[in-house]
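# Architecture at a glance
Here's the letter readout for the chains.
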Amino acid sequence: MASSSQNQGVSEYVTLISSDGFEFVLLREAACVSGAIRRMLDPTSRFKESTTGRCEFAEIKHSGIVLEKVAEYLYYNHKNRNREDVPDMEIPPELCLELLMAADYLDC
């Protein structure tokens, strides 16, 4: 019963903010595909992100472009989570290294 009262103030959406100021609003459930984001938003974590619902990523290189593709992946993963034979997601070759590092950092 305590957890349901804790979740009443939790928004269905969260905002991911890049170091260059771009903001991406995602469903909380889709964003939590990332282990790092899930831990940031956990109400028991005492991170400021858990109360504001806003996650800032100053650590990600070329942040706006990369975070946009990360948000796209999080939705893609969320949408296809119970499907088989899911087609590959299109990733521009010039973003591969940055996306790999972001995926490692975000635990995606």
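Numbering of residues starts from 1 in each chain and follows the order in which that chain's sequence is written. Owing to the predicted nature of the model, reporting of local features is limited to residues with pLDDT of at least 70; listing and counting of side-chain atom pairs is limited to 80 or more, with chain, interface and lining totals taken over all residues. Neither water nor hydrogens contribute to the side-chain values; these are computed over all heavy atoms in the structure.

### Concerning the overall build of the chain
Going along the chain from the N terminus, every DSSP run of H or I of four or more residues is numbered as a helix, and every run of E of two or more is numbered as a strand. In terms of regular secondary structure, the chain is built from six helices and three strands. Each helix (α) and strand (β) of the chain, taken in turn from the N terminus, gives the series α-β-β-α-α-α-β-α-α. Once the C-alpha set of the chain is aligned to its principal axes, its extents read approximately 45 × 35 × 20 Å. Going through the 108 residues of the chain one by one, you find that 36% of them count as buried. Contact criterion: two residues are considered in contact whenever any of their non-hydrogen atoms come within 4.5 Å of each other. Excluding contacts between residues fewer than 6 apart, the proportion of contacts in the chain whose partners are at least 24 apart in sequence is 56%. With 11 positive and 18 negative side-chain charges, the chain shows a separation of 6 Å between the mean positions of the two kinds. When a residue's accessible area, from a 1.4 Å probe over protein chains only, is under 20% of the maximum for its type it is buried; when over 50% it is exposed; and in between it is partly exposed. For this count, His and the chain ends are skipped, Lys and Arg are scored as positive, and Asp and Glu as negative. For the purpose of locating charges, the reference atoms are NZ of Lys, CZ of Arg, CG of Asp and CD of Glu.

### Some points on the pattern of salt bridges
We define a salt bridge as a contact between a side-chain nitrogen of Lys or Arg and a carboxyl oxygen of Asp or Glu at a distance within 4 Å. Throughout the structure, instances matching the rule amount to four salt bridges. Across the pair Glu23 and Arg54 runs a salt bridge whose closest N-O atoms are separated by 2.9 Å. Placement of the pair is Glu23 in strand S2 (residues 23-27) and Arg54 in strand S3 (residues 54-57), with a sequence separation of 31 residues. Given a relative accessible area of 45%, Glu23 falls into the partly exposed group. Judged by relative accessible area, which is 33%, Arg54 ranks as partly exposed. Residue Lys69 pairs with Glu72 through a salt bridge whose shortest N-O separation is 3.3 Å. Of the two residues, Lys69 and Glu72 both sit in helix H5 (residues 63-79), three residues apart, roughly one turn of that helix. Residue Glu72 is classed as partly exposed on the basis of its relative accessible area, which comes to 38%.

### Description of the confidence of the model for the chain
Taken residue by residue, the chain gives an average pLDDT of 89. The fraction at 70 or more is 92%. The score called pLDDT rates the predictor's confidence residue by residue, from a low of 0 to a high of 100. Within the chain, the lowest mean pLDDT, 46, falls on helix H1 (residues 2-7), and the highest, 97, falls on S2. Residue range residues 1-6 is modelled with pLDDT below 50. Its contacts to residues more than four positions away, or to other chains, number zero contacts.

### Focus: the sheet that holds strand S1 (residues 13-18)
One open sheet holds the three strands; their spatial order is S2-S1-S3, and the pairing between them is mixed. Each edge of the open sheet is held by one strand with a lone partner, namely S2 and S3. This sheet shows a mean twist of 25 degrees between the axes of neighbouring strands, independent of strand direction. Paired strands, in this sense, are two strands between which DSSP finds at least two bridges. Of the pairings in the sheet, the one linking S1 to S2 comprises five bridges and is antiparallel in character. Across the sheet, Ile17 pairs through a bridge with Glu23, a residue of S2. Contacting S1, S2 and S3, H5 crosses the sheet at an angle of about 10 degrees to S2. In this analysis an axis means a line fitted to C-alpha atoms, helices contributing only their contacting stretch, and an angle means the value between N-to-C directions, from 0 to 180 degrees.

### So, the side chain of Ser50
Position of Ser50 relative to the elements: it lies in helix H4 (residues 48-52). Among the residues examined, Ser50 registers a relative accessible area of 15% and is labelled buried. Residues within four places of Ser50 in sequence aside, it is in contact with Met40, Leu41, Asp42, Pro43 and Ser45.

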